[in-house]
Amino acid sequence: MHFTNPVITGFNPDPSICKVGEDYYIVTSTFEYFPGVPIYHSRNLVNWELIGHVLTRRGQDELAGCKPSGGIYAPTLRYHDGMFYMITTNVNFFESHQPVNFIVHSESITGPWSDPVFTEQMGIDPSLFFDDDGSCYFTGTGDENRIVLYKINPMTGERLSEKKTISHGSGGRCPEGPHIYKKDGWYYLFMAQGGTEYGHSEIVARSRNIEGPYEYAPYAALITSRNDSMNEIQCTGHADLTSDDNGNWWLVCLGVRPINGVMLHHIGRETCLAPVSWYEEWPVVKGAEVLPTYENVPLPYADTVRNIGHELRLDFTEISELPLDFTYLRNPDMENYVFDYSLVLRGSYTELLSTANTSPTFTGIRQTEMQMSADARVSTDVAEGTVGGLTIYQTHRHHYDIAVTKKNGLVYCILRKHIYDIEQIVARVPVEGEAVKLQIVSDGRVYRFYVKDSAGDIYLGGALTAGLATEITETMTFTGTFIGMFAEKGYVRFTDFNYYGPAHL
């Protein structure tokens, strides 16, 4: 059977995979977006369905004051003795010197998940490992580029043994994302190394004793794209390992798709899959690269693998809640999102370009493909000074907006660009009718913005996708672009929202 990477497209970095029976589950990082830590389900490792989120309450995911690419980092999902555990980091707590690593648990993958319990370690990228005797071990980063290990009570967060340094990596910077596995009497320590950018990699070490010493694999990296600028998948690393019922092994990892070969990416770090074999008791990925396409691989339930077109069609006159695909910036005020035979957004004076620690009235979905189209029908019945419509959003300083507004009694459609500290309305056209259709189309390099009113279609202009690339943002973001609906300074009514991937263009 064949498949293509990424297997979970759009902003879905730092994947962690967990197998329970014939079911596989993946969780990924969410940073400043809420709800936190999406949960994906699959049986064939290729087709993944979003089935919920782990962190659905503010008490689990406090994001007030969260900077861009702060918040929830690198979750790990594990299952042991009838219980799911998810451990992660809220880096939003670093500045207040509170504990940052916490664990939640649930008997059901879809929750409800418990309130968090915190452990004392102040690094990032925590993981849990359950040994054969039932002991649970914490691994994570520490200061001075080191990986630490200790026994932990996963229900309380209490440390149960001395903290030990088990690795400083094999020489590259930023050893992180550690996971431990056990196979044939060996403990295998997986780590990301080289930073999550274009020098990223995954390395492996092993030991007969969980506390070490660990010897490193005879190869430099299990996976990396740093030596092949032509690979369509770059920045590979931060891997997690699983096996299937047929004895085959697989890893999931993050990777990015640069903009037409330019070393910039904007839709985020995505989840990729690669087969793993074993040679002399070391895990091996052929060519040490994650490929964009794999042929003739023994996937579980291969007969269920199918090509899934990315499509979302919503008629707000017929539904009363948003699908799981939609997310918010930081902890939202849900009174600003009302279904009344349409979706009414109540915009405050917290605008999209407001300071980094705020929660504007915004809800959006991940941009999942380079080539895409999104549209929404928006009422022109807005108050003077109100602004609302669609946005392609990376951070509060990097977004493009097409919106309806009223000025001096007239209704206009505007195209607004915000890059760094520069904001400019680059197009403003009067519109007619009770509602207009706003549309954004991307060919991968350029976003194009259109409005359709009662008089016809109007092209407002274009904007480079590179303007939203994570490499050029002033904070070097870890997130990706979202396509969202927003409102500022008043009420804006939406009657539908549609998203189409390349198969539907």
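Rules used in this analysis
Residues numbered from 1 in each chain as written. Predicted model: local features only at pLDDT ≥ 70, side-chain atom pairs only at ≥ 80, totals over all residues. Heavy atoms only, no water. Helix = DSSP H or I, 4+ residues; strand = E, 2+ residues; numbered from the N terminus. Rg over C-alpha atoms; globule rule 2.2 N^0.38 Å. Buried < 20%, exposed > 50% of the residue type's maximum accessible area, 1.4 Å probe, protein only. Contact = heavy atoms within 4.5 Å. Areas by Shrake-Rupley, 256 points an atom, 1.4 Å probe, with all protein chains shown as cover. Phe/Tyr/Trp six-rings, centres within 6.5 Å; stacked < 30°, edge-to-face > 60°. Pairing = 2+ DSSP bridges. Axes fitted to C-alpha atoms, helices over the stretch in contact; angles between N-to-C directions. Core = buried A, V, L, I, M, F, W, Y, C linked by side-chain atoms within 4.5 Å. Salt bridge = Lys/Arg side-chain N within 4 Å of Asp/Glu carboxyl O.

In terms of regular secondary structure, the protein chain is built from zero helices and 39 strands. Against the globule reference of 23 Å for 505 residues, the protein chain gives a C-alpha radius of gyration of 23 Å, in line with a compact fold. With the C-alpha coordinates aligned to their principal axes, the bounding extent of the protein chain is approximately 75 × 45 × 40 Å. A burial count over the protein chain gives 60% of its 505 residues as buried. The contacts of the protein chain with a sequence gap of at least 6 include a subset with a gap of at least 24, amounting to 59%. Put simply, the protein chain shows about 19,500 Å² of open surface, and 48% of that area lies on carbon and sulfur atoms.

Overall, the coordinates contain 26 aromatic pairs when judged by the stated rule. The interplanar angle of 70 degrees and the centroid separation of 5.2 Å between the aromatic rings of Y188 and W278 together place this pair among those described as edge-to-face. Here the residue Y188 occupies a position in strand β16 (residues 186-193), and W278 occupies one in strand β22 (residues 270-279), the gap between them amounting to 90 residues. On the basis of relative accessibility, which here comes to 23%, the residue W278 falls in the partly exposed class.

Moving on, we come to the sheet that holds strand β2 (residues 16-20). Here four strands make up an open sheet; going across it, the order is β2-β3-β5-β6 and the pairing antiparallel. The sheet is open, and its two edges are formed by β2 and β6 (49-55), each paired on a single side. Direction aside, neighbouring strands of the sheet carry axes that sit 25 degrees apart on average. Across four bridges, the pairing between strand β3 (residues 23-27) and strand β5 (residues 36-42) is antiparallel. Within the sheet, the bridge partner assigned to I26 lies in β5 and is Y40.

This paragraph deals with the side chain of N47. Considering the arrangement of structural elements, one finds N47 in the loop between β5 and β6. Owing to a relative accessible area of 10%, N47 belongs among the buried residues under this scheme. Beyond its immediate sequence surroundings of up to four residues, N47 is in contact with H41, S42, T304, V305, R306 and I308.

This part covers the nonpolar core. Among the nonpolar cores identified, the biggest contains 42 residues, and F449, L460, M485, F494 and F497 are the most heavily contacted of them. In this structure L460 touches I402, C413, I414, L415, A427, V429, F449, Y450 and V451, once residues within four positions along its chain are discounted. With 37 residues, the next largest nonpolar core counts Y24, V46, C253 and Y294 among its residues.

Once that is clear, we can look at unusual backbone geometry. Each neighbour pair has its own omega, and for F34 with P35 the value is 0 degrees, a cis peptide bond. Here P35 lies in the loop between β4 (33-34) and β5. The omega torsion of the bond from G111 to P112 falls at 10 degrees, within 30 degrees of zero and hence cis. In this structure, P112 sits in the loop between β9 (101-106) and β10 (117-119). Positive phi outside glycine occurs at V37, with the angle close to 60 degrees. Positionally, V37 belongs in strand β5. The backbone of S69 shows a phi angle near 65 degrees, a positive value even though the residue is not glycine. With respect to the helices, strands and loops of the structure, S69 is situated in the loop between β6 and β7 (72-80).

With that out of the way, let us pick up the pattern of salt bridges. The full count for this structure, using the stated rule, is 25 salt bridges. Notably, a salt bridge pairs E488 with R416, separated by 3.1 Å at the nearest N-O pair. Separated by 72 residues along the polypeptide, E488 in strand β38 (residues 482-488) and R416 in strand β33 (residues 410-419) bring together distant segments of the chain. Judged by its relative accessible area of 5%, R416 falls in the buried class.

The next thing to look at is the sheet that holds strand β12 (residues 136-142). Taken together, four strands build an open sheet; the order of strands is β11-β12-β13-β14 and the sheet is antiparallel. With partners counted over all chains shown, the strands left at the sheet margins are β11 (127-130) and β14 (164-167), one partner each. Across the sheet, the mean angle separating the axes of adjacent strands is 35 degrees when strand polarity is ignored. Relative to strand β13 (residues 146-151), β12 is paired through six bridges, and the arrangement is antiparallel. In the strand pairing of β13, T141 is matched with I147.

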